[in-house]
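Next come the chains, spelled out residue by residue.
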Amino acid sequence: MLAFDVENDYYSVDKGRKKRQTNLIQCAATNGTDTVVARDEALSDMLHELSIHGQIVGATLVAHNGWYADVPWIRRTHPYFPYNQGETMALGYLMDENQSLSLKNLCMKYLPDIKDWKDGINSDPNSDEFASYNAEDAVRTMQLYRYLLEQLGERALLVPRIIMPGMLALGACSTRGIYISPDAIRVADEFYTTKISTVLNRLQSEHGIDSPTRRQVVGNVLLADGHILGLTEKGRLSTSKGTLARLKKTPLVSDLQEFNALNKAYTAYVVRYKKISESGDGRSHAPYSIIRTDGDKKSGANKGTVTGRTSNSDQQLPRDKILRAFFSAPTGYRLVGADYNALQFRTAAWVAGEQGLIEHFQRDPGFDPHTFFASILYGKPERDVTPDERQIAKSANFGLLFMAQPGTLVDYVFKTTGRVVSFGEATRIYNLWHATYPDFARHYKKVWEELVEYGYVESFTGRRRHFPGFGPGQLPGKLPRWQRQAALREAVNFQMGQAPESDITQIALAKCHQEGLPLNGFVHDSITFEFSESIPIDLIHYCMCVYPHIYLQEAFGVNFDMPLRIEIK
């Protein structure tokens, strides 16, 4: 086992200004007893030796944030350098996903008598002090790794069995990237500029607003139009999206809302992806995260999540046909998406032991829970359920699955469908849903008991979600009611939905990568590929629908016997 840490000239000063650099200048490595630091001519030799020990000798290479920072830097000059299999940031994340994940903070929290050694980072890069600081990083990484392995026990297996393979596959997605269609950009640019120009002309000619982005101007016109506005924290008139939504729908309000929506879409998507299309290779090479990486601002990755889901805000488009056409494939290739069908509903039913749903899915892997509940809700055969009825049932299914109450169900249905249901109708839906699926409510009680006793809930692979104010020595009963309810909702969502969804999709993603499939995108329960030849549907189906069952049984002893289904487009 070897722990290593690299340093680079991340910032240099040029004419009084900080200039970002990414040149390696030094590396420290330790086996826990002896520590070596190399720079200049010896640096390349050390990296070569580490590579041999990792790939040929089979030694475990340990680093802190190596996957997002150290190794990508190294691979610029040593492209075959292996990714480290020991990752202290990932282990720290498994210990407590809410805590700071910087090496210093983790060491000072978990290792006895550790004092802050990070002042050495400000030393001259050619000095002994800087070399000592670098060596200390490597030594502390080794010590922390050994401690966290012992504390986590079998839960530490999540790192080499799911998190690391998932990171490697996500790296392949980012490297290949998604091609941005110039034709789709041109169509969207013309569409949005025309629509925005039309609304701007109307705002100017009919309402006297030349600059709808100037909030004070807009606020004064709204006041003159008879609307009552609140004030922001700075004492200015509030013209936010929420404020406009609460105002009476006059032509002025409608025009402002239309402009804001169009302008936001244009600047957030059209302008942004137009720049990508016209630069580099014309592809979006978005960074992904599985774990939080807020302890290292140099990584360039997203901050990640606390639920195990991946984070990638750079490749998410709204459900708009014009905008979604941005993601495409160059001539001679096809962009192919494989989406899981009702994955969270399947995992939730299995985790909660909801026998009715489990039997439906096992009898028919293509079972549609939304049409099924709509038929019960509206008292008609499934074949007669309308699209609107199914959509309302779908919103009810997902809202109530994660503990919506009748009042919040009214809001959720409106938010997701644009349909209005009364409180009385929402109450009827609530009661009917729980009567149809009684095992969910019983499982919610188990989740609450687990939360109160331990302060966390755990998924079937050992992922945990911690909640402040709960656990040994805590008095959750003294927390405000809304806080208790929010914690229970998050705990239920994590244990039944997000954590198992993350495990299954990342196992499938890693298998797709191992099989050499041309990955280029991933969002929650959807994987995209770019094929130049025929689409290997059987292989994709095996990787996503068959292999996760095999892997969960072999790697974690979990008999997940709920059938999986995907739709390939």
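So, here's what we can say about the structure. (Residues numbered from 1 in each chain as written. Predicted model: local features only at pLDDT ≥ 70, side-chain atom pairs only at ≥ 80, totals over all residues. Heavy atoms only, no water.)

## Notes on the overall build of the protein
Basically, it comes down to this: Counting from the N terminus, the helices are DSSP H or I runs at least four residues long and the strands are E runs at least two residues long. Between buried and exposed lies partly exposed: a residue is buried under 20% and exposed over 50% of the maximum accessible area for its type, with that area taken using a 1.4 Å probe on protein chains only. Pairs of residues are marked as contacts when any of their non-hydrogen atoms sit within 4.5 Å.
Across its full length, the protein holds 20 helices and 16 strands. Considering only C-alpha atoms, the protein reaches an extent of 70 × 60 × 60 Å along its principal axes. The buried share of the protein, taken over its 569 residues, is 50%. Across the protein, the fraction of contacts at a sequence separation of at least 24, relative to all contacts at a separation of at least 6, is 64%.

## So, the pattern of salt bridges
Condition: Throughout this description, the term salt bridge denotes a Lys or Arg side-chain nitrogen within 4 Å of a carboxyl oxygen of Asp or Glu.
For the structure shown, the criterion picks out 18 salt bridges. Among the salt bridges present, the one from Glu-258 reaches Arg-202, with a minimum N-O distance of 3.1 Å. Of this pair, Glu-258 sits in helix α10 (residues 251-277) while Arg-202 is found in helix α7 (residues 182-207), placing the two residues 56 residues apart along the sequence. By relative accessible area, Arg-202 is classed as partly exposed at 24%.

## Things to note about a nonpolar patch on the surface
Which entries qualify depends on this criterion: Two joining distances apply to patches: 9 Å for like charges and 5 Å for nonpolar side chains (Val, Leu, Ile, Met, Phe, Trp, Tyr), and every residue must have over 30% relative accessible area and no salt bridge. Calculation of accessible area relied on Shrake-Rupley with a 1.4 Å probe; when residues are assessed, cover is drawn exclusively from the protein chains displayed.
A cluster of nonpolar side chains, namely Tyr-542, Val-546 and Ile-550, defines an oily patch on the protein surface of about 200 Å² accessible area. As for its position among the elements, Ile-550 is in helix α20 (residues 537-556).

## A word on the nonpolar core
To be explicit about the condition: We define a nonpolar core as any set of buried Ala, Val, Leu, Ile, Met, Phe, Trp, Tyr and Cys residues linked to one another through side-chain atoms lying within 4.5 Å.
In terms of nonpolar packing, the biggest core is built from 112 residues, with Ile-291, Phe-440, Met-496, Phe-529 and Met-544 touching the most fellow members. The element that contributes the greatest number of residues to this core is helix α19 (residues 481-514), accounting for twelve residues. One finds Ile-178, Val-221, Phe-259 and Leu-323 within the second-largest nonpolar core, a separate group that totals 31 residues.

## Considerations on the sheet that holds strand β14 (residues 519-523)
Counted only if it meets this: Note on pairing: two strands pair once DSSP finds at least 2 bridges between them. Axis definition: a line fitted to C-alpha atoms, over the contacting stretch in the case of helices. Angles run 0 to 180 degrees between N-to-C directions.
A sheet is described by the order of its strands in space; here four strands give the open sequence β14-β15-β11-β16, paired in antiparallel fashion. With one partner strand each, in any of the chains shown, β14 and β16 (566-568) form the two edges of the open sheet. Ignoring which end each strand starts from, the neighbouring axes of this sheet average 20° apart. As paired strands, β14 and strand β15 (residues 526-531) are joined by four bridges and run antiparallel to one another. Within the sheet, the bridge partner assigned to Leu-519 lies in β15 and is Phe-529. Seen against the sheet, helix α6 (residues 158-176) touches β14 and β15 and runs at an angle of roughly 115° to β14. Across the sheet, α20 touches β11 (334-340), β15 and β16, and the angle it forms with β16 is around 160°.

The values reported here are purely geometric and, on their own, carry no functional implication.
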